[in-house]
Structure formats: structure tokens, C-alpha cells
Amino acid sequence: MIKTEINYGDIYLVPKRTVVDSRKECDTSVQFGPRRFDMPVYPANMKSVVDEETCEYFARRGWFYTMHRFNVDATRFTADMQEKGLFSSISIGVNEDTDEQLRNLKAAGLSPEYITLDIANGWCVKAERMIKKVKDLFPESFLIGGNIATGEAAQDLESWGVDAVKAGIAGGRVCITKNKTGFHRPMVSTVLDCAQAVKIPVIADGGISEHGDLAKAIACGATMIMAGSLFAGYDESAGQIIEIDGKHLKEYFGSASEHNKGAYKNVEGKRIYVEYKGAIERLLIELKEDLQSSISYSGGNTLAALRDVEMIFVNRY
Ligand SMILES: NC(=O)C1=CN([C@@H]2O[C@H](COP(=O)(O)OP(=O)(O)OC[C@H]3O[C@@H](n4cnc5c(N)ncnc54)[C@H](OP(=O)(O)O)[C@@H]3O)[C@@H](O)[C@H]2O)C=CC1
Ligand SMILES: Nc1nc2c(ncn2[C@@H]2O[C@H](COP(=O)(O)O)[C@@H](O)[C@H]2O)c(=O)[nH]1
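Residues numbered from 1 in each chain as written. Chains lettered and ligands numbered in written order. Predicted model: local features only at pLDDT ≥ 70, side-chain atom pairs only at ≥ 80, totals over all residues. Heavy atoms only, no water.

In the nomenclature of an unreviewed UniProt entry, the protein chain is known as GMP reductase of Crenobacter luteus. Looking at the protein chain in UniProt, the text filed under Catalytic activity (unreviewed entry) is "IMP + NH4(+) + NADP(+) = GMP + NADPH + 2 H(+)". What UniProt states about the protein chain under its Function (unreviewed entry) heading is, verbatim, "Catalyzes the irreversible NADPH-dependent deamination of GMP to IMP. It functions in the conversion of nucleobase, nucleoside and nucleotide derivatives of G to A nucleotides, and in maintaining the intracellular balance of A and G nucleotides." (UniProt positions renumbered as here; feature names shortened; annotations may be inferred.)

Here you go:
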């Protein structure tokens, strides 16, 4: 049997009676782990999206962030952020270099507030071993595990000890996993399945192409949303800026791209150039305004109201 599965573009949310006098009354803040953040969306832990300055910018603004894990000294990063009175949110892999990073953190007496285990398919034995190791060494840290795409995987990671799961396989803008391996699951189906299967928070990762997709992800059960291309192309994004025929562009590349790996081996990502858009401030204001408006259409004044709206499938063919 072949199942029909759906993506953000296939659904819309049905409006309810608005109960606020102004969209400004709608509260977009979210509790995630030990902290509360101003918005439920944050930039992807990719080298072309975040660097240390981006992380500091988002943390100071009251938004969540996660530093990427490529050639980063997690101990120095954590010490720097915590010395500045900010929280540390790092990414790790599953190999020996991660063991060394964890030993160094421990030896320095440091504990990041958030740790994200970041591999393509987090539903695997290497991830299980690393999750158990991290929970043993850093029981105080809030551990996010991923990526996964099914409720069954989410339940396994929950039982291994993660505090949140990151869901989304092969839906990213610079992803070529679905072309190279044949595997992928559309985001609405992914998030609904994972959120119904576990009690821990689900992060919807990848595939955001419209601002309204944030409200759709939350309606499906996501607590947070990770996005790459949405945040690429700005002054505060980490990618290099280039000029072609007088036009300014910024690079955006996948973590499993040849460019990020430095070798053509198990490549499942590509590099693209996106329009350079200047300062990110305007985008962040607009994302918040749009989400406040989404909340108003949902008939409430907090994100919780979005969980209680009707979703309709729109057959576009
Ligand atoms: N969200 C998504 O859909 C995807 C995201 N990515 C991103 O790209 C980056 C690189 O990902 P990834 O290649 O997983 O990480 P790594 O290249 O760091 O691989 C982690 C380890 O897991 C092993 N491994 C990776 N994939 C498999 C597999 N399919 N079967 C068995 N072992 C495996 C690797 O061994 P070996 O290389 O020898 O197999 C390696 O030892 C990550 O940041 C990830 O988030 C990549 C693809 C999809
Ligand atoms: N298949 C791959 N997926 C990747 C790669 N690098 C990152 N990612 C995933 O994409 C999202 C961002 O998606 P976007 O649609 O918001 O741009 C990111 O968070 C990862 O989960 C890769 O090389 N291959």
C-alpha cells in the first residue's frame, strides 16, 4: 500500500473568531527546556547559517540558537557564552571527536545548558550510545536528539533519554538526500506523527518556505521550529557574500555538502547562492508580527491556541 503524506504547502488552517483587540496582544513566547524564548523558531545549526556572532545575537535578543559542530571548540564556546552571562547551546556528533569534546567540557567543569545531537538519521545505535553517554556526563543539560521522521523513532529516542526530538529528514532546501537515497518524509506528516507519539517537545526541522509554515508546524504539534534557508542571506548569517554581475549573493550550503565536508564522500547536500538581504532585524520583526497574526486567527492569545485549530487539505492538482 502507498500512503498519501503531506507537506506545509498542502494544508491551511481554518480561521476562528479573534478575541484580541490588537495582534500586539498575542504572545509568541515559548518555554523550551529550562528557558523561555521570545519566538518558537531558530536558525539551523549549519556553518553557512550560524557562527559565534549569530549565536550571541540571537541569545541577546531572547531567541533560542544552536551553534553548529564543525571545527568548533565546544569548551571555549561554552566558556565564552557563559562568561557573557548567556546560555550555551552546542551541537555534537557521534564519533571520537565528540568524545574528546565532552571530556574537555567535563575537565573544564563546564556544562552547556543545551546540547543537540546532530546526525542525519538519529534513529541508530551510534546515536543511542552517545545519548546515554551525554545524559550520564551532563545530566543537567537539556538534550535534543535527531534527526528522525517517525513516531516510532521519536519513542525510541525518548526512551534512550533525550529531552526533545528534532524531526525532519530530507526536507531541507539544500538537501539532496531524497534524490540520492530515495528516503524522505513530508513535514506535516512527520511532525504530526512524532508529536502524537511522544510527550517531549518536537522540533520541526527544515522545509519552511513561507512565514505561515511556522503556525502550521505548531498546529501539527511542534514546540520549536528550526530553519536554515529562512535565515540565510543576511548580514548576521554566517555564509560568505559574493558578487556576480553586480548582484550581491550569499552562500548557503548543506552540512553534508562537499563544501562543508571538504571531500566528495557521502555527499547529501549542495551549495546554493541566495539573495543578499542586509540586516536580519526586519525579518525577525516580521516573523513575530506574522506569528502574532496567526495566533489572532486561531482565536486565542498564545501559541497554545494554534494547537486547537482545524487543518484542511488543499488539493492543488
Ligand atoms: N536533516 C536531514 O535530512 C539531513 C541532515 N544532514 C546533516 O548533515 C550533517 C552530516 O550528517 P551525517 O552524515 O549523518 O553525519 P556524519 O557525517 O558526521 O556521520 C556521523 C557518523 O555516523 C555514521 N553514519 C552516517 N550516516 C550513516 C548511515 N546512514 N548508516 C550508518 N552509519 C552512518 C558515519 O559513518 P560513515 O560516514 O562511515 O557512514 C559517521 O561515523 C549533519 O549535520 C546532519 O544534520 C545530512 C543528511 C540529511
Ligand atoms: N539532506 C540534508 N539535509 C541537510 C543538510 N544540511 C542541513 N540539512 C537539514 O536542512 C535543514 C534546513 O532546511 P531549510 O529548508 O530550512 O533550509 C537543517 O536544519 C538540516 O536538518 C544536508 O547537507 N543534507
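Once the structure has been displayed, the description carries forward.
**A closer look at the nonpolar core**
Residues Phe32, Phe64, Tyr65, Phe231 and Leu287 are the most contacted members of the largest nonpolar core, which totals 91 residues. Looking at which element gives the most residues to this core, the answer is helix H10 (residues 281-297), with five residues. (Core = buried A, V, L, I, M, F, W, Y, C linked by side-chain atoms within 4.5 Å. Buried < 20%, exposed > 50% of the residue type's maximum accessible area, 1.4 Å probe, protein only. Helix = DSSP H or I, 4+ residues; strand = E, 2+ residues; numbered from the N terminus.)

**So, the pairing of strand S12 (residues 247-253)**
Burial runs high along S12: five of the seven residues are buried. Both strand S11 (residues 241-244) and S12 contribute to a ladder of four bridges, which runs antiparallel. If you follow glutamate 243 over to S12, its bridge partner there is histidine 248. With antiparallel pairing between neighbouring strands as the criterion, S11 and S12 make up a hairpin whose turn holds two residues, including aspartate 245 at a positive phi of roughly 50°. Where S12 and strand S13 (residues 271-275) come together, five bridges link them in antiparallel fashion. Residue pairing in the sheet places lysine 250 in a bridge with valine 274 of S13. (Pairing = 2+ DSSP bridges.)

**Some points on the UniProt feature "domain: IMP dehydrogenase/GMP reductase" (unreviewed entry) in the protein chain**
UniProt feature "domain: IMP dehydrogenase/GMP reductase" (unreviewed entry): in the numbering of this structure it lies at residues 7-309. Structurally, residues 7-309 is divided into 33% helix and 18% strand, and its ends, taken at the C-alpha atoms, are 17 Å apart.

**What about the UniProt feature "active site" (unreviewed entry) in the protein chain?**
When the UniProt feature table is mapped to this numbering, "active site" (unreviewed entry) covers Cys175. When you line up the elements, cysteine 175 lands in the loop between strand S8 (164-167) and helix H6 (177-181). Since its relative accessible area comes to 13%, cysteine 175 is described here as buried. When neighbours within four sequence positions are excluded, cysteine 175 is seen to be in contact with Ala170 and Glu268. (Contact = heavy atoms within 4.5 Å.)

**Quick word on the site of ligand 1**
Near ligand 1 lie 18 residues; those nearest to it are Asn95, Asp118, Ala120, Lys126 and Ala170. Between ligand 1 and the protein, one listed contact pairs an oxygen atom with a side-chain N or O atom of arginine 69 at 3.1 Å. A distance of 2.9 Å separates an oxygen atom of ligand 1 from a polar atom in the side chain of asparagine 95. For ligand 1, whose unbound accessible area comes to 870 Å², protein coverage reaches 60%. Here the shell around ligand 1 is composed, by residue class, of seven nonpolar, six polar and five charged. (Near = heavy atom within 4 Å. Polar contact = N/O pair within 3.5 Å; in protein donor to acceptor, adjacent residues only side chain to side chain. Areas by Shrake-Rupley, 256 points an atom, 1.4 Å probe, with all protein chains shown as cover. Nonpolar A, V, L, I, M, F, W, Y, C, P; charged D, E, K, R; others polar.)

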